[in-house]
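Spelled out from the first residue to the last, the chains are:
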Amino acid sequence: MNLTFFFAAVALYLIATAGYCIFFIQPERKSIASISLWTTFLGFVLHFIYFILRWSEGGRIPVTSFFEAINALGMGIVMVFLIMELRYRIPALGTFMLPLVLILMAPAAVTSRQIAGLDPILKSAWLGIHTSLALLGDAAFAFAFIVSLMYLLQDHQLKHKRLGAIFHRLPPLDVMDTISYRALSIGWPLFTLGMITGSIWAESAWGTYWSWQPKETASLLVWVLYLAVLHLRTIGWRGRKMAYLTIAGFLFVLISFFVVSRIGVGKHTF
Amino acid sequence: MEKQDQQGMVEVVADKIWKFFSSVKLAVVLLIILAVVSVIGTVIQQNQAPEEYLKEYSLTTVQWFETLGFFDLYHTWWFVLLLLLLTANLTICTLERFPHAWKAMRAPLKPLEDDGFKAVPYKKEIMIKGGMEAAETAALRALQGKRYTHQLTKEQGVTHLASQKGAYSRMGVYVTHVSIILIFVGALIGAFFGFKGFLNLPEGEASAVVYLRNEPLWDQIMDGFGISKSPVIHDPRGGVPAMPLGYYVRTDDFEVDYYANAGRPTGMPSEYWSILSVYDLQQQKVLEKRIRVNDPLTHHGITFYQSSYGTIPNATGRIVLNVSQKNSPGPGETVVLMPGTSVYVKSIDRTIKAAGLAPFGMRDAATGQVQYYQARNEELINPTVELEVYRGKSLAYKTQVMKVDSSEPSMPEDYRISYVDYWGARYTGLQVTKDPGVWIVYAGFIMLCVGPLIAFFGSHRKLWVRIQDRKGQAAVLVGGSSNRNRLAFEREFNSIVEAIAK
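Bear in mind that the values here come from a model prediction, so they are computed numbers and not experimental data.

Asker: Describe the overall build of chain A, and please don't skip the residues or the numbers.
Answerer: Each helix and strand counted, chain A has 9 helices and 0 strands in total. Listing each helix as α and each strand as β along chain A from the N terminus yields α-α-α-α-α-α-α-α-α. Against the 2.2 N^0.38 benchmark of 18 Å for 270 residues, chain A shows a C-alpha radius of gyration of 19 Å, consistent with a compact globule. If you line up chain A on its principal axes, its C-alpha atoms span 60 × 50 × 30 Å. For chain A, the proportion of its 270 residues judged to be buried stands at 58%. Working note: accessible area of chain A is about 10,800 Å², and carbon and sulfur atoms make up 71% of it. With 20 positive and 11 negative side-chain charges, chain A shows a separation of 7 Å between the mean positions of the two kinds.

Asker: Before we move on, could you go through the overall build of chain B and cite the residues and values that matter?
Answerer: A count of helical and extended segments in chain B gives 11 helices and 22 strands. Whereas a compact globule of 502 residues would reach a radius of gyration of roughly 23 Å, chain B reaches 37 Å, over 25% beyond that. Taking all 502 residues of chain B together, 44% fall into the buried category. Here the contacts in chain B between residues at least 6 apart in sequence split such that 62% fall between residues at least 24 apart. Entry remark: accessible area of chain B is about 27,000 Å², with carbon and sulfur atoms responsible for 57%.

Asker: Any details on the environment of A499 of chain B? Residues and values, ideally.
Answerer: Turning to its location among the elements, A499 of chain B is positioned in helix α11 (residues 486–501). Residues A499 of chain B and S277 of chain B lie 222 residues apart in sequence; the distance between their C-alpha atoms is 69 Å.

Asker: Which residues make up the packing of aromatic side chains, and what are the values?
Answerer: Evaluated as defined, the whole model comprises 41 aromatic pairs over all chains. The interplanar angle of 85 degrees and the centroid separation of 5.5 Å between the aromatic rings of W439 of chain B and Y442 of chain B together place this pair among those described as edge-to-face. Residue W439 of chain B and its partner Y442 of chain B are located together in helix α10 (residues 438–457), separated by 3 residues, close to a single helical turn. The side chain of R233 of chain A reaches across the aromatic face of Y181 of chain A, ending 4.4 Å from its centre. Over the ring of W237 of chain A we find K241 of chain A, and its NZ or CZ is 4.2 Å from the ring centre.

Asker: So what about helix α9 (residues 239–258) of chain A? Which residues, and what values?
Answerer: Count 3.6 residues to each turn of an α-helix, and residues three or four apart come out pointing the same way. Residues and elements named next belong to chain A. Here α9 spans 28 Å end to end across 20 residues, near enough to the 28 Å set by a 1.5 Å rise per residue. Residues of α9 that are buried include every one of G239, M242, A243, T246, I247, G249, F250, V253, S256 and F257, and no others. On its buried side, α9 packs onto α3 (66–88), α5 (126–159), α7 (173–206) and α8 (214–234).

Asker: Help me get a handle on the domain arrangement of chain A, residues and values and all.
Answerer: All names here are of chain A. Assigned domains of chain A: these are domain 1 (1–109) and domain 2 (132–270). Summarising the inter-unit geometry, the C-alpha centres of domain 1 and domain 2 are found 20 Å apart. Opposite the 26 residues of domain 1 that make contact, domain 2 presents 27 residues. When domain 1 packs against domain 2, the two sides together hide about 2,200 Å² of surface, and 88% of this comes from carbon and sulfur. Where domain 1 packs against domain 2, one counts 0 salt bridges.

Asker: Quick rundown of the interface of chain A and chain B? Include the residues and the values.
Answerer: Tallying the contact residues gives 48 residues for chain A and 50 residues for chain B. Carbon and sulfur atoms make up 69% of the area that chain A and chain B hide from each other, which totals about 4,100 Å². There are 0 salt bridges connecting chain A and chain B. Across the contact surface, chain A and chain B share 8 residue pairs in polar contact (both at pLDDT 80 or more).

Asker: Just give me the short version of the pairing of strand β17 (residues 384–391) of chain B, but keep the residues and values in it.
Answerer: All names here are of chain B. Across the 8 residues of β17, 6 count as buried, placing the element largely inside the fold. The pairing of strand β14 (residues 350–358) with β17 spans 7 bridges and is classified as antiparallel. In the sheet register, G356 faces β17, and the bridge partner there is E386. Hairpin connection of β17 to strand β18 (residues 394–402): 2 residues between the antiparallel strands, including G392 at a positive phi of 60 degrees.

Asker: Any details on the sheet that holds strand β3 (residues 158–165) of chain B? Residues and values, ideally.
Answerer: All names here are of chain B. Pairing within the open sheet is antiparallel, and its 5 strands lie in the order β1-β22-β21-β3-β2. The open sheet has two edge strands, β1 (122–128) and β2 (149–155), and neither has a second partner. Neighbour-to-neighbour, the strand axes of this sheet turn through a mean angle of 15 degrees, independent of strand direction. Bridge count for β2 against β3 is 7 bridges, and the pairing is antiparallel. Note that in β3 the partner of E155 across the bridge is V158. The strands touched by helix α7 (residues 132–145) within the sheet are β1, β2, β3, β21 (461–470) and β22 (473–482), with β21 carrying the most contacts at an inclination of about 170 degrees. In this fold α11 packs onto β1, β3, β21 and β22, with an angle of close to 10 degrees to the strand it touches most, β1.

Rules of the game
- Residues numbered from 1 in each chain as written.
- Chains lettered and ligands numbered in written order.
- Predicted model: local features only at pLDDT ≥ 70, side-chain atom pairs only at ≥ 80, totals over all residues.
- Heavy atoms only, no water.
- Helix = DSSP H or I, 4+ residues; strand = E, 2+ residues; numbered from the N terminus.
- Rg over C-alpha atoms; globule rule 2.2 N^0.38 Å.
- Buried < 20%, exposed > 50% of the residue type's maximum accessible area, 1.4 Å probe, protein only.
- Areas by Shrake-Rupley, 256 points an atom, 1.4 Å probe, with all protein chains shown as cover.
- Lys, Arg positive; Asp, Glu negative; His and termini not counted.
- Charge placed at Lys NZ, Arg CZ, Asp CG, Glu CD.
- Contact = heavy atoms within 4.5 Å.
- Phe/Tyr/Trp six-rings, centres within 6.5 Å; stacked < 30°, edge-to-face > 60°.
- Lys NZ or Arg CZ within 6 Å of the ring centre and 35° of its normal.
- Expected span 1.5 Å × (residues − 1).
- Domains from an automatic or database assignment.
- Buried area = accessible area lost by both parts, 1.4 Å probe.
- Salt bridge = Lys/Arg side-chain N within 4 Å of Asp/Glu carboxyl O.
- Polar contact = N/O pair within 3.5 Å; in protein donor to acceptor, adjacent residues only side chain to side chain.
- Pairing = 2+ DSSP bridges.
- Axes fitted to C-alpha atoms, helices over the stretch in contact; angles between N-to-C directions.

Dropping the structure here:
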């Protein structure tokens, strides 16, 4: 029964994606963009209801199995997208963000959706705090990644003097550069909070706030990379170089999320 | 003369070193190197047995990795050097820039002259009909509405309003930098004066030592120089070194609960805990605590974490049973016996024999038959006791009792025997640590939470308003600048200008 909400949410995301694609092809149809935004919002509401229902069914925040992890990540990215879209009003974002959500959530189709028993180590109030902060950080990084991709696309159009359809649908370069940086400067503190809460949790569970487990090391890698990007910004790096670095950073986020978490060492396995 | 030259040289070199360490580029390079190390550390499992590595890599590769320290990256000299360089870089960068930021934060508000207005990134001039007074009131209201602090000056018929907010946000980056230094310092203190150890303590046993994974560096150094003797007890046969606790810790009891599927244990633990007691060296009990995962016991700066458990090979524990009358609600009588032995229970005038004990038995609810399952490492998932009950010397009946039962065991007489515990055959696995640096690390964590939020979400915004009379109308010139998040500032700037114009 609960899964109905999940599938309905995914269906609405699919419809919104289609809407945003139509809008991208025919940008004069502005109403399609706002319908797509509302569809996404409705999808998010259903997605959130599903999350809460699963939470109450399992008696704990649903973030521990692989299915739950990608489900929460997808929901987090949609949330970040909705917030940023409301703030900056760039409908072209939807054309790129929603497909990413669908791709990241695609494994949900084949993975086990059962609610499993919780390892005693995960029975802690930190579970919800640590994972939601880290996931929101990841979601902001995903957003920065998409905007950087759009930046490069726009940059490519400009370089080849193709001032045609795509050019007019994408926001100006400096706007995208600023928004991408903005997303990093929100994502990085959130990710930092995720790492700190994880450390405090590890200290109370194992007596060591840092033990160089693969997931810890991979998170440090992501943290350090974005930190380097943020520092490069202060010495004047902008534009294309930043876009490439932001994209590279997100590739490591993906590796950390989809590979390191699944190699089965430590407590970040799902 | 010569001396001066030398001094000049020293200064030049010192200056160069300072410049080198105060550069953001160096920070980026060091961060990238740290990132590369993290990639290696993620890909290559750390601190495995050599056999494990040989399964994955060729002998030559293993030898290379060994030489480079890739199997224990974080304790290599070059990794420590990397962290030292990073700390030096961070410290010098902070020292170099902090005074300027402090000055910028504390700088008094000053009216902006014409040149200044030319230089600010945002400016706009509007005309207000109500005259100077009305314009001034409107401007003040608009600035206060956005929580700007202001200073008002009037000279030669011109009103200057200088205002700002978020000056504190300039400190965010330094709070962050200091937090990282604190975390490093705390980690160092932990490595020098703390230890990480473990203790596998069987039920009913006590220990005055724990076994070390790493000895406090300070003790090693002091011992090495012959200054003071390390308290660590080294096993001459090369065993694990032991750290005296200064007291005894005893496992009074240990228990595991398992997830149940339709009333039957699945073998997957849902919770496990130990009841630990602390005794001083005079064997007086000091305290007792039930510890579980995520809830440790701390005594004299040493913390005991519930981390694992196991069955002691070939150990014989004690079976604890309860015998109660079926028709009376009393608590019943506790009976303790070893597997294979019998005991006479006076209250029921029967002799109970524990004929056998299995670690994982389960009763089929429909047939009442007991099935026995293989438990890995003899794990006591659902201990099941085969009982023989004798009336005098003759066998009255046989039955089985177990920890979690799917139905009632057969009890033909007017009393009930139930399983309570199988005690003394398991050990609790404790992680034991002492880390006097952890509070410094936590202080660093708090600053690392706050610092980036201040740095990224705050911005030092300045707004200047100049009001001049122009033929009965007030000419209001607004200028503004922000040290970050320009998009948001632009919005605020426009809304303030609008508010003044209203």
